Amino acid sequence: MKYLFILLLFPLSLFAQKKPIFKIDSMTIEGIILDKDWIWHTGDNPEWAKADFDDSNWESIKPYQSFFDSPQLDNAERGWFRIHIDVDSMLLNKPLMPVFYTIGASEIYLNEKLVKKVGIVSKNPNIEKTFTTPIGLPFIIVFSKHKANVIAIRYSLTHGNFYFPKFAYTKYSPIFISLQDAQMAHDAQMALIKQLVYFVILMGFFFGLAFTHFSFYYYLPIQKANLLFGLAMLVKGIAFLTDYFLITDLISVSGYTILIIIRCIAFSSHSLLLVLAIHSYLKQKLTNGFWVIVSILVCVFAFQFTDINTKLELSIYEYSFAIPNLYYLFILRRTIKAGNNDGLMIYYTGIICFIGLVLRPTTDTLLLFGINYPWIPLMGDALLYLTYFSITLGMSLTLARDFAKTDTSLQVKEKEVQQLSNEKLRIAADMHDDIGSDLSALNLKAGMIRQKVKSGKQPISEIDNLVDFTRDIAKKVREVIWTVNARHDSLSSVVNYFDTYADDFFEPTNITVRTSLPKDIPQIDINGENRKMLLMCFKEALNNVLKHAKANELNISFTTDNALFTISIQDNGVGFNPVLLRGSTAESNGLMNMQERMTGIGGQCRIQTSPQGTVVVFSLPI
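My aim in this report is to walk through the structure given alongside it, one point at a time.

Here the focus is the overall build of the protein. The helix and strand inventory of the protein stands at 15 helices and 17 strands. Relative to its full complement of 622 residues, the protein shows a buried share of 42%. Restricting to contacts in the protein with at least 6 residues of sequence separation, those with at least 24 account for 76%. Carbon and sulfur atoms make up 61% of the accessible area of the protein, which totals about 33100 Å².

For the rest of this paragraph, the subject is the packing of helix α13 (residues 491–506) against helix α14 (residues 528–549). Running from N to C, α13 and α14 cross one another at 25 degrees; their axes reach a closest spacing of 11 Å. Our classification of the angle between α13 and α14 gives roughly parallel. Like other packed secondary-structure pairs, α13 and α14 cross with a definite hand, here right-handed. Contact with α13, carried on its side by V494, Y497, F498, Y501, A502, F505 and F506, involves R531, L534, L535, F538, K539, L542, N543, V545 and L546 of α14 and no other residues of that element. Here the residues of the contact of α13 with α14 sort into 13 nonpolar, one polar and two charged.

A word on the packing of helix α5 (residues 224–248) against helix α6 (residues 253–282). Interaxial distance between α5 and α6 falls to 8 Å at its minimum, and their mutual angle equals 160 degrees. Of the possible angle classes, the one that applies to α5 and α6 is roughly antiparallel. Crossing hand, α5 versus α6: left-handed.

Now for the pairing of strand β16 (residues 604–610). Both faces of the sheet carry side chains from a regular strand, because those side chains alternate between them. Note: β16 against strand β17 (residues 613–621), seven bridges, orientation antiparallel. Of the residues in β17, the one forming a bridge with Q604 is S619. Here β16 hands over to β17 after two residues, the two strands then running antiparallel side by side.

Analysis parameters
- Residues numbered from 1 in each chain as written.
- Predicted model: local features only at pLDDT ≥ 70, side-chain atom pairs only at ≥ 80, totals over all residues.
- Heavy atoms only, no water.
- Helix = DSSP H or I, 4+ residues; strand = E, 2+ residues; numbered from the N terminus.
- Buried < 20%, exposed > 50% of the residue type's maximum accessible area, 1.4 Å probe, protein only.
- Contact = heavy atoms within 4.5 Å.
- Areas by Shrake-Rupley, 256 points an atom, 1.4 Å probe, with all protein chains shown as cover.
- Axes fitted to C-alpha atoms, helices over the stretch in contact; angles between N-to-C directions.
- Parallel < 35°, antiparallel > 145°, perpendicular 65-115°, else oblique.
- Left-handed = near helix turned anticlockwise from the far one by under 90°.
- Nonpolar A, V, L, I, M, F, W, Y, C, P; charged D, E, K, R; others polar.
- Pairing = 2+ DSSP bridges.

Next up, the structure:
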């Protein structure tokens, strides 16, 4: 009977002592992921690192799951993971490279030998040093025996770390380990380098846009949309900078959590700043809808601090960024319907961005729930680029276009203001130099005549001179008024005024004036400064004909050809000595003044003389 009882218990004892064993028969291209047959025990004992330690009463666990799915890890704060491994003889004594991911502090033992240490494992939070390894820590292990290999991991993550237990977004999984050969590990490192280069390019792109639009705002502070858009690009660049730091090296759990928080704030701020930039660009006040968007993003951010399923959390977090996009699409659509098409490019690129923001989290959600097809990651990457660059480029190009237009417009206005200022100075100078001095002379002459009348004299000749002098002053006043009045800026007004002036000027003389006018005078404006210079040159030429030419005929022609306005004055007089053009007499100064005045307004004065007469030609581009 006794022996029968022992025989009955023997199979049960075999079953109770049976241990889960992870078998590695060969090395695949993807490597071997140690994703099953792990066991766990709370506490700390150096004996638990030994391969022959009896761990039959330890509980099964999946350390590669999130903390939400392994509450015993969150409650225990410290313990050991173990996995029993049988290795094919082909892999014995061959260097293998485990890639180890962890959140916490870990010591990795292979058959009692410490092969890797991350941080300091301790139950005392003041001693414990915890890290995250988002890129995986490669190191070398060698299996020297075929069976009964044990990888034991001493692990801790105490609640003494303030940030980690509060921030659910960082609670991925305590450990994840895979075995690869050297070539696989090298390929993984090259992929990491490519990813780092990718982040550097994105940072450079967004920081470059931020600098560009800050420069636009510096030169044109009236366009506040450039400031807000520049800030949006700056925080987007900061978000990618945190991504760069998150995958480049070991980071403490607290530091990792802070970077994640900064990243979340940066992406949320980017969305809000983009909405503010569009509001500013459209010159619209903030609506109640904007504050609803702010409230939603704040709630989504606070959502990261709740202990709920990470898959659901990530999906909600990523989908939330489509809400601000939908809001500013509504604003743009409303303004476009109202007839303002300035934001049309932003609207169309915003639609593309919205498609990416909706479909991109869908690909992540499919992968999180184990639905994986080769086209899903490729589509996810394409959609990611759409969200990064579509609305960004649309907004940037729109603001750059408006900056160029506004800058050109301001330059034109500045030039107009400067011309107006110069015109005022010129008018003041004319009034002072010509009319002011003449009025002073008029006052002096009138005073002299009054004294003669008081003394009983009758200065008839002086009164006649005074009348002629007054007529000359009135003529000068009309000339000043003509050059100032903007209604006479047209080319036709210039031609008509000069024609009338020549007839009036030579009317009391015996010189016959013949005038040739163009059939069609183009509708072109000539500003007051140019009209004044032309008139002064025209008057100087007529005075020279009257005083020096001894002519009895004068031909004046006005022509417009090849964007050039030309005035030709030809007399049949005796001409003059060409040396006067290089002299310093009163006559030569008048000739030189005509050439200098025309050159000053971008024109030209040509003078040809002979004993048969003189031709003076004024030409001005129009």
